[in-house]
Amino acid sequence: MGLPARRQEDTEARIAHLEVPDGAAWATEMRKQAVSRYLAMGLPGRRDEYWRFTRPDDLNTPQAPSAAVVDFGEAPAFGGIDRLRIVFRDGVFDPEASDDLSCEGLEVERLQSATAHEIHWLKDVYGVLEARSQEPVARPFAALNTAFATDGIVIRATERVSRPVNLTYLHENPDSDAILHFAIKVESGADLTVLENGPAAARFNKCMEVDVADGGAFHHVRAQGRDHERRAVTHMFARLGKKSAFKSFTLTANGVLTRNEAFIEFVGDNAVSHIAGAAVGDGDFHHDDTVFVVHDAVGCESRQVFKKVLRNGAVGAFQGKILVKEGAQKTDGYQISQSLLLDEDAQFLAKPELEIYADDVACSHGSTSGAIDEDALFYLQSRGLPRPEAQDLLVLAFLAEAIEEIESEDISRDIYGRLKGWLQRHRR
Amino acid sequence: MLKINDLHVRLEEEDKAILRGVDLDVTAGSVHAIMGPNGSGKSTLAYVLSGRDGYEVTRGGVALEDQDLLELEPEERAAAGLFLAFQYPVEIPGVGNMTFLRTALNAQRKACGDEEVSAADFLKLIRDRAKSLQIDPEMLKRPVNVGFSGGEKKRNEILQMAVLEPKMCVLDETDSGLDVDAMRLVADGVNALRDEGRAFLVITHYQRLLNHIEPDVVHIMADGRIVKTGGPDLALEVETNGYADILQEVA
């Protein structure tokens, strides 16, 4: 069945100015398939099941709506951590600002160079994980990304690498519309940490495909935020092998529109996946976490912890699905999504879903929405804490369960520091 | 230290008068006890002193030394030296007991223009205080009051008092929910803090706590007023005869 005429026009207009980049035959084929997928799915509309909480309008326009570049004088995230810096300016790799890309245990390469090779490991990852995610729920912006991304980095980790790779996205042009694609292969027994920070562009479309082989481990921490008017649609795809581990945490502060999707697939037994997010919004802020976890192996543990603190018209949305396929016995699934509404104008929308076809599993999920605990606030005040400080303490306590998913103490301290700064800037 | 003058208070939501003219003068170095039947307004007095929302003072005033207490926010009252040991200490998930105490102490020091206490000095201080109250160091690491037994919660209140060193301590039914041993431990903690510069207002329903914390003055409260004031013997009289006789006598 084709798309309605209007939607088809918009879908075509959205990519009219974009070109499929040159590359090796396999890459061109993958990109062409992605164009076909995109055209078949069409741009999202408000009546689509997974776009009811979030208006896609600003993501659907051919040109990005402008976003002012803001400077709070805040130190860049992860500044105190020894890391391999890879910098993008409005979606274009900046070799001058980046570190030398050679690092023991890692192969780091620019996307356009990797896709030019006829033989490359990337062939089994690029667009492959994205394509696997398209059933039963369409993710058109991810297909668009696979088709048209002109820049990005591909990383292959072959050992346990202690130095994190830090992708920094600078936003300097108020009209930039950036598309970046990252593909990561964590080989058996290897361990890699990827950090992301920065607003990236006025509008940012990012995909990250992460293929973790048996016994591999991948850690991901992202500090997303700053510019109030920026818009972002991001996708994280993961395919997890036997006894592998995948841990991801995202802090989102500010941003008029953020849609973070994750699609996690367990293909090997006894693997672990934890995804967490802490989002804080004040005013014109719409944040959407849409997470799918597919259990297609035995004895895997998945955990999703998403917390949002909202005020002054800010809106948070959570859509989370755990799908346990037939035969995925001994699955241990836990999902929690909670919001703390600091006033009556804030809004939280949640749709948790469990779909289970195996009979020997333990899955639990919960979603709550509430105001700050006035008794706790008074108790803290009665011990001498001024109300704003007491409230910040309670907000941080609320977010703690998500932040605790970060394993590195240094990184977690950095995230706490950023949150405290945000809370202080947004005190009433 | 604490002067309460003709205090009238009503509940905001129910438009109901709870305190109907309370007068009290607690001098530095002394321990005053307030006893009274349920519903006499004892806990309301504690909450009004600490600045809790929901109560409206319709007449009268409260002075802590030379400060008008009712003009101050709850945190300013704490910085001025007032401390309320809660009847029902609040559980705060996610906030570590130690972090909480250190933040509170530093907030009060900051409000008074003092230097913040260093992490090392704080650790020393809290270990010392916790030890004398037989508080397990594990309890300090747990979130504030979460999963604490009734006795642990009350000991935690006294620990906070010992760390914050307030001038005016108000204890609201600190004996409720305590067995004899726990009560002795709590009372020892309070007694260790008794000194010339500090005053206590001990609110209790039963006399038994006063066997361990000996008061200088005992007040009987009924129907929102202090109806009788006397020495420690008055508490014993309540224990023997109940409140009914006294209330009849003053009626």
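With that settled, consider the overall build of chain B. Counting its secondary structure elements, chain B contains ten helices and twelve strands. Against the compact-globule benchmark of 18 Å for 251 residues, chain B has a radius of gyration of 18 Å, which places it among compact chains. For chain B, the spread of C-alpha atoms along the principal axes amounts to about 55 × 40 × 35 Å. Within the span of chain B, comprising 251 residues, buried residues form 52% of the whole. Contacts in chain B between residues far apart in sequence, at least 24 positions, make up 69% of those at least 6 positions apart.

All names here are of chain A. The strand order across the open sheet formed by nine strands is E3-E4-E6-E8-E10-E12-E14-E16-E18, and the pairing between neighbours is mixed. At either end of the open sheet lies a strand with only one pairing partner, and these are strand E3 (106–110) and strand E18 (347–356). Mean inter-strand twist for the sheet, computed between neighbouring axes without regard to direction, equals 10°. Inspection of the sheet shows strand E4 (residues 151–157) paired to strand E6 (residues 177–186) by seven bridges, in the parallel sense. Its bridge partner being in E6, Val-154 is matched across the sheet by Ala-183.

Here the focus is helix H1 (residues 42–50) of chain B. Residues and elements named next belong to chain B. Here H1 lies mainly inside the structure; nine of its nine residues are buried. Among the residues of H1, those classed as buried are Lys-42, Ser-43, Thr-44, Leu-45, Ala-46, Tyr-47, Val-48, Leu-49 and Ser-50. Where H1 ends, the next residue or the one after it, Gly-51, has phi of about 95°, a positive value.

With that settled, the discussion passes to the pattern of salt bridges. With the rule as written, the count across this model stands at 51 salt bridges over all chains. We note a salt bridge from Lys167(B) to Glu65(B), for which the minimum N-O separation is 2.7 Å. Taken together, the positions of Lys167(B) in the loop between helix H6 (150–164) and strand E9 (168–172) and Glu65(B) in the loop between strand E4 (55–64) and strand E5 (67–68) put the pair 102 residues apart, joining distant regions of the chain. Given a relative accessible area of 43%, Glu65(B) falls into the partly exposed group. Connected through salt bridges with shared partners, the residues Arg139(A), Arg259(A), Glu261(A) and Asp288(A) form a single ionic network.

It is worth spelling out the packing of aromatic side chains at this point. Here the structure, examined in full by the defined rule, presents 13 aromatic pairs over all chains. Here Phe378(A) and Phe86(B) contribute two aromatic rings whose centre-to-centre distance is 5.8 Å and whose plane-to-plane angle is 55°, an arrangement assigned as tilted. With Phe378(A) in helix H7 (residues 374–382) and Phe86(B) in the loop between strand E6 (82–85) and strand E7 (92–96), the pair connects residues from two separate chains. Here Phe378(A) and Phe86(B) have matching classes, each one buried. Here the aromatic residues Phe88(A), Phe93(A), Tyr169(A), Phe182(A) and Phe204(A) are joined through ring pairs into a cluster of three or more. Stacked on the ring of Trp51(A), the Lys or Arg Arg259(A) has its end atom at 3.7 Å from the ring centre. The ring of Tyr47(B) carries the charged tip of Arg52(B) above its face, separated from the ring centre by 4.7 Å.

Assignment of secondary structure puts Gln338(A) in strand E17 (residues 332–341). Dropping the residues within four chain positions of it, Gln338(A) is found in contact with Phe306(A), Lys307(A), Lys308(A), Phe348(A), Thr368(A), Phe398(A) and Glu401(A).

Right, let's talk about the packing of H7(A) against helix H8 (residues 387–403) of chain A for a bit. Residue and element names in this part refer to chain A. Between H7 and H8, the shortest axis-to-axis distance is 9 Å and the interhelical angle comes to 125°. Considering their axes alone, H7 and H8 lie oblique with respect to each other. When the axes of H7 and H8 are compared, the crossing they make is right-handed. On H8, the residues that touch Glu-374, Ala-376, Leu-377, Leu-380 and Gln-381 of H7 are Arg-387, Ala-390, Gln-391, Leu-393 and Leu-394. Of the residues in the contact of H7 with H8, the class split is six nonpolar, two polar and two charged.

Time to look at helix H9 (residues 233–241) of chain B. Residues and elements named next belong to chain B. Among all positions in H9, only Leu-234, Ala-235 and Val-238 are buried. End-on view of H9: buried residues confined to an arc of 105°, all on one side of the axis. H9 presents Asp-233 and Thr-240 as exposed residues on the side facing more than 90 degrees away from its buried surface. Residues of H9 that are buried make contact with strand E3 (31–35), helix H8 (209–212), strand E11 (217–222), strand E12 (225–230) and helix H10 (243–250). Residue Gly-242 follows H9 closely and has a positive phi angle near 80°.

The rules behind the values
Residues numbered from 1 in each chain as written. Chains lettered and ligands numbered in written order. Predicted model: local features only at pLDDT ≥ 70, side-chain atom pairs only at ≥ 80, totals over all residues. Heavy atoms only, no water. Helix = DSSP H or I, 4+ residues; strand = E, 2+ residues; numbered from the N terminus. Rg over C-alpha atoms; globule rule 2.2 N^0.38 Å. Buried < 20%, exposed > 50% of the residue type's maximum accessible area, 1.4 Å probe, protein only. Contact = heavy atoms within 4.5 Å. Pairing = 2+ DSSP bridges. Axes fitted to C-alpha atoms, helices over the stretch in contact; angles between N-to-C directions. Salt bridge = Lys/Arg side-chain N within 4 Å of Asp/Glu carboxyl O. Phe/Tyr/Trp six-rings, centres within 6.5 Å; stacked < 30°, edge-to-face > 60°. Lys NZ or Arg CZ within 6 Å of the ring centre and 35° of its normal. Parallel < 35°, antiparallel > 145°, perpendicular 65-115°, else oblique. Left-handed = near helix turned anticlockwise from the far one by under 90°. Nonpolar A, V, L, I, M, F, W, Y, C, P; charged D, E, K, R; others polar. Arc of directions from axis to C-beta.

Just geometry here; none of it tells us what the structure is for.
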